[in-house]
Amino acid sequence: MTAFIIRRLLQAALVVFLMSVIVFFGVNVIGDPVDMLISPDADQAEIARTIQALGLDRPIGEQYLHFLKGVATGDFGKSFIFGEPALKLILHHMPATVELALVSLLMAILLGIPLGLYAGLYPDRKVSKGIIAGSILGFSLPTFWVGLMLIMLFAVVLGWLPSTGRGDTAVFLGIESSLWTRDGLSHLFLPALNLALTNISLVIRLTRAGVREAMHQDYIKFARAKGLSESRVVSVHLMKNILIPIVTVLGLEFGGLLAFSVVTESIFAWPGMGKLLIDSLLQLDRPVVVAYLMIIVLFFVVINLVVDILYSVLDPRVRLKDQGA
Amino acid sequence: MTILAVDSLKTHFFTRAGVVRAVDGVSFSLGQGEVMGLVGESGSGKSVTGFSILGLVDPPGRVVEGSMLFHGEDLVTMPTREIRALRGSRIAMIFQDPMMTLNPVLRIDTQMIEAILAHEKVSRKEALKRACDGLAQVGIPSPEQRLRNYPHQLSGGMRQRVAIAIAFLNNPDLVIADEPTTALDVTIQAQIVHVAQNLCRERGTALIWITHDLAVVAGLADHIAVMYAGRVVEAGQTDDVIDRPRHPYTVGLLGSVPSANRRGQRLTQIPGMTPNMLSLPEGCAFRDRCTHNDERCKESPEITTDSGGHAIRCFHPQYEKAPA
Ligand SMILES: Nc1ncnc2c1ncn2[C@@H]1O[C@H](COP(=O)(O)OP(=O)(O)O)[C@@H](O)[C@H]1O
Ligand code: SF4
Ligand SMILES: [Mg+2]
């Protein structure tokens, strides 16, 4: 197991490195950040000075080596726009995104599993058909449209919840988050729901499909033949089996929630990493974009690792071993 | 003393394609400690009969008619809660495929202990001890270690032993064994039969041994019921049925079994295919595969029992010499 984890981390380092190369050179191909940074009427001398200050006068290969040296000491370079260290900028925006993603994940689990379980156990009931129809909608409606509708309904028409921003934050256990205040939670609810929607639908379907399949398995019938109560059959024999794919998929989706909360963050003006990424991309703020993507890749790798370990905990038949990258 | 009396049991499946009469008027009874062989080709309704007794028929199926008196109480009309209390404690079942019966993600001890705790208030420690003894009794070496295993760490034969141990944990009055050896190697089969038979003898447990193989029950059962297309077509003492089969279907089944006293003769096969339960022929269901079929067989034969208790459902019973 330790060997497995070490090998995984080494692979991760390689992936992160490759990612940095691709993005570093890629951003350069897209355009010249100098055009973005300097007002059109600046004179030659000023332009030259800016270029030199940002280190953009040197060959790209050399710039990259310089960047790598910095990374080794934890320095990802300074944002072209804000003049602040890129890492600091990202870390500053990270808690907002993480709390959004976590709450979304929680919603997906707390809503998706019970609804899917119901729809799977009682497939012929009207409620179940409603749940399935809802999950199809949740899948197919575009996130931005649903986001706008949520704002319309809950913020504009009903006036129950605020429409934008993160709200008050508080510090608890050393973590600053809007989870700890009423105002923060009320701001969090709509964007989190919006972000969670596809995942709730996904979990409903996974759970339902799992229940439908497992219900006909011999081990369920055998559990019943032992005289177990229906609640034990469902909560232990059934759930333990169908949780395996659900945990796997949700774990992977969590990376997606973190990385692709861009749309939701934009609609709800949520000051997270996704919004930072969009702004940085538009302004060709290379240090921020590169650092962001490296961190996201790292996130994915760590999440995958955690999922693999969880998987082996849940399913005794699985032995952790390497199957290549 | 009769512990189970099944009378005119009908269990039908209401599928989109039509009503499948999986069990269509089955009757038999079983005394304490008796072993009955329930025999028939695949699809003849043996498993559904077993599941009906336990009240475990999956929708769209249900028991539509008949009665099943267990110690005089009708399982058909019994409230669900009471049937659940009987399951695993008074009536237990062993399934066909040991690879599928044990829950893959739960340890053996969990699956055994819960079977005890579902029916009795005992400490976990006490339950664990009984589970351990149970494994020892079915011939599983180092049971303490096995208890901590997951099913996938055991071979098929071992898993079936575990399933048998679970079935006997609460000392049931009746065990229904649904083709428990079919999925196993021939050498293992004999051991499994032996284990189950011994436990039944020691404890006076009645046993319904379901199989498609008459040879298996020949040495095991006190009496035999042969099923075809949801009905019992022949029933009687094991010797009578095996040595003097009278229904053409039983004769056919015996003809397809290799046997010491018919060595050198060709194995015959029952012609035709196992019946489509949605389009059975009118009259005798075996008619389109029967070599003795005539005009009379276009009507449904009733079951008739002779003075020796040998029952058959056929207009043209075969005689003693028939299988030769
Ligand atoms: N869940 C089900 N839905 C529809 N038909 C079923 C179902 N289970 C069993 N049957 C039908 O019942 C008949 C008897 O099945 P079964 O008792 O399993 O046969 P076997 O004698 O091989 O154990 C089969 O023809 C099968 O098609
Ligand atoms: S009733 Fe007729 S068709 Fe049916 S088994 Fe007897 S002889 Fe054959
Ligand atoms: Mg069967």
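The structure this text deals with has already been given above.
Because the structure is a prediction, the values reported are computed rather than measured.

**Student:** With reference to specific residues and values, describe the overall build of chain A.
**Tutor:** When helices and strands are counted, chain A shows 13 helices and two strands. For chain A, the C-alpha atoms occupy an extent of roughly 85 × 55 × 35 Å along the three principal directions. The 325 residues of chain A split such that 44% are buried. Counted over contacts in chain A with a minimum sequence separation of 6, partners at least 24 positions apart contribute 73%. Only carbon and sulfur atoms are counted for the fraction: they give 67% of the accessible area of chain A, which is about 16,500 Å². Charge-centre separation for chain A: the mean point of 25 positive side chains lies 17 Å from the mean point of 24 negative side chains.

**Student:** Please provide a residue-by-residue account of the site of ligand 2, values included.
**Tutor:** Residues and elements named next belong to chain B. Taken together, His-247, Pro-248, Cys-284, Phe-286, Arg-287, Cys-290, His-292, Asn-293, Cys-297, Cys-314, Phe-315 and His-316 form the complete shell of residues around ligand 2. Judged by its atoms lying within 2 Å of the grid points, ligand 2 is housed in the largest cavity. Taken together, the residues that form the shell around ligand 2 break down as seven nonpolar, four polar and one charged.

**Student:** Go over the pattern of salt bridges, please, and point to the residues and values.
**Tutor:** Tallying each qualifying case throughout the model produces 18 salt bridges over all chains. A salt bridge links Arg-166 of chain A to Glu-99 of chain A; the nearest nitrogen and oxygen atoms lie 2.8 Å apart. Of the two residues, Arg-166 of chain A is situated in the loop between helix 7 (143–157) and strand 1 (170–172) and Glu-99 of chain A in helix 5 (residues 86–121); the sequence distance between them amounts to 67 residues. The same class applies to Arg-166 of chain A and to Glu-99 of chain A, which are both buried. Connected via shared salt-bridge partners are Lys-226 and Arg-232 of chain A together with Glu-114 of chain B.

**Student:** Please give an account of the site of ligand 1 that cites residues and values.
**Tutor:** Residue and element names in this part refer to chain B. Inspection of the region around ligand 1 gives 13 residues, with Gly-43, Gly-45, Lys-46, Ser-47 and Val-48 positioned closest. The contact in question runs from an oxygen atom of ligand 1 to an N or O atom on the backbone of Ser-44, over 3.2 Å. Here an oxygen atom of ligand 1 sits 3.0 Å away from a polar atom, N or O, in the main chain of Gly-45. Here ligand 1 has 560 Å² of accessible area as a free molecule, and 69% of this is covered by the chains. At the level of elements, strand 1 (2–15), strand 2 (18–31) and helix 1 (46–54) are the ones that each hand at least two residues to the shell around ligand 1. Counting residues per element, the shell around ligand 1 draws most heavily on helix 1, which supplies three residues. Residues belonging to the shell around ligand 1 are distributed by class as follows: five nonpolar, six polar and two charged.

**Student:** Tell me what's going on with empty space enclosed by the protein, and back it up with residues and numbers.
**Tutor:** All names here are of chain B. Taken as a whole, this structure holds three cavities of 30 Å³ or more when the rule is applied. Counted as a void, the largest cavity has a volume near 100 Å³. What lines the largest cavity is a set of 14 residues, among which Cys-284, Cys-290, Cys-297, Cys-314 and Phe-315 lie closest to the centre. Within the lining of the largest cavity, the residues separate by chemical class into eight nonpolar, four polar and two charged.

**Student:** Could you give an account of the side chain of Asp-285 of chain A, with specific residues and numbers?
**Tutor:** Residue and element names in this part refer to chain A. The residue Asp-285 is located in the loop between helix 12 (273–282) and helix 13 (286–314) in this model. Arg-286 provides the closest opposite charge to the buried, salt-bridge-free Asp-285, at an N-O distance of 8.0 Å. With near-sequence residues (within four places) excluded, Asp-285 lies in contact with Ser-79, Phe-80, Ile-81, Phe-82 and Ser-280.

**Student:** Lay out unusual backbone geometry in plain terms, naming residues and giving numbers.
**Tutor:** For the bond from Pro-59 of chain B to Pro-60 of chain B, the omega torsion is 10 degrees, close enough to zero to count as cis. If you trace the backbone, Pro-60 of chain B turns up in the loop between helix 1 and strand 4 (61–70). Phi at Ala-269 of chain A is positive, roughly 45 degrees, even though this residue is not glycine. Along the chain, the position of Ala-269 of chain A falls in the loop between helix 11 (262–267) and helix 12. We classify Ala-269 of chain A as partly exposed; its relative accessible area is 34%. Despite not being glycine, Leu-284 of chain A has its phi angle at roughly 50 degrees, a positive value. On the secondary structure map, Leu-284 of chain A appears in the loop between helix 12 and helix 13.

**Student:** Describe in detail the pairing of strand 4 of chain B, supporting the description with residues and values.
**Tutor:** Residue and element names in this part refer to chain B. Across eight bridges, the pairing between strand 1 and strand 4 is antiparallel. Along strand 4, the bridge assignment pairs Asp-7 with Ser-67. Relative to strand 5 (residues 73–74), strand 4 runs antiparallel, the two sharing two bridges. Bridge pairing in strand 5 places Leu-69 opposite Asp-74. Counted between consecutive antiparallel strands, the loop separating strand 4 from strand 5 contains two residues, among which His-71 sits at a positive phi close to 50 degrees.

**Student:** Account for the packing of aromatic side chains, with residues named and values stated.
**Tutor:** In total, this model carries 13 aromatic pairs over all chains according to the counting rule given. With centroids separated by 5.5 Å and ring planes inclined at 80 degrees, the aromatic side chains of Phe-222 of chain A and Phe-95 of chain B adopt a geometry described as edge-to-face. Taken together, the positions of Phe-222 of chain A in helix 9 (residues 218–225) and Phe-95 of chain B in the loop between strand 6 (91–94) and helix 3 (98–101) put the pair across two chains. For the pair formed by Phe-222 of chain A and Phe-95 of chain B, the shared burial category is buried. With centroids separated by 5.0 Å and ring planes inclined at 80 degrees, the aromatic side chains of Tyr-228 of chain B and Phe-286 of chain B adopt a geometry described as edge-to-face. Note that Tyr-228 of chain B is positioned in strand 9 (residues 223–228) and Phe-286 of chain B in the loop between helix 11 (248–255) and strand 11 (304–305), a separation of 58 residues in sequence.

**Student:** Mind laying out the nonpolar core, listing which residues take part and the relevant values?
**Tutor:** Among the nonpolar cores identified, the biggest contains 96 residues, and Leu-4, Leu-174 and Ile-208 of chain B are the most heavily contacted of them. A total of seven residues in this core trace back to one element, the largest contributor, which is helix 7 (residues 156–168) of chain B. The two domains that each donate at least three residues to this core are domain 1 (2–90 + 173–312) and domain 2 (102–169) of chain B. Grouped together as the second largest cluster of nonpolar side chains are 48 residues, Val-203, Val-211, Leu-257 and Val-307 of chain A included.

**Student:** Describe the interface of chain A and chain B, with residues and values.
**Tutor:** Taken together, the contacts link 21 residues of chain A with 27 residues of chain B. Summing both partners gives a buried area of about 2,300 Å² for chain A against chain B, and 62% of it is carried by carbon and sulfur. Looking only at chain A, the three residues that lose the most surface to chain B are Lys-221, Phe-222 and Lys-226 of chain A, adding up to 30% of its buried area. Counting every contact that joins chain A to chain B gives three salt bridges. The salt bridge involving Asp-58 of chain B is made with Lys-221 of chain A; its shortest N-O contact spans 3.2 Å. Counting across the interface, chain A meets chain B through 13 residue pairs in polar contact (both at pLDDT 80 or more). Of all the elements in the fold, those that place two or more residues in the side of chain A that touches chain B are helix 9 and helix 10 (230–259) of chain A.

Reading guide: rules and limits
Residues numbered from 1 in each chain as written. Chains lettered and ligands numbered in written order. Predicted model: local features only at pLDDT ≥ 70, side-chain atom pairs only at ≥ 80, totals over all residues. Heavy atoms only, no water. Helix = DSSP H or I, 4+ residues; strand = E, 2+ residues; numbered from the N terminus. Buried < 20%, exposed > 50% of the residue type's maximum accessible area, 1.4 Å probe, protein only. Contact = heavy atoms within 4.5 Å. Areas by Shrake-Rupley, 256 points an atom, 1.4 Å probe, with all protein chains shown as cover. Lys, Arg positive; Asp, Glu negative; His and termini not counted. Charge placed at Lys NZ, Arg CZ, Asp CG, Glu CD. Near = heavy atom within 4 Å. 1 Å grid on protein atoms, 1.4 Å probe; cavity = no way out; pocket = protein on both sides within 12 Å on 5 of 7 lines; lining within 4 Å. Sits in = over half its atoms within 2 Å of the grid points. Nonpolar A, V, L, I, M, F, W, Y, C, P; charged D, E, K, R; others polar. Salt bridge = Lys/Arg side-chain N within 4 Å of Asp/Glu carboxyl O. Polar contact = N/O pair within 3.5 Å; in protein donor to acceptor, adjacent residues only side chain to side chain. Points joined across faces, edges and corners; volume = space filled by probe spheres on them. Pairing = 2+ DSSP bridges. Phe/Tyr/Trp six-rings, centres within 6.5 Å; stacked < 30°, edge-to-face > 60°. Core = buried A, V, L, I, M, F, W, Y, C linked by side-chain atoms within 4.5 Å. Domains from an automatic or database assignment. Buried area = accessible area lost by both parts, 1.4 Å probe.

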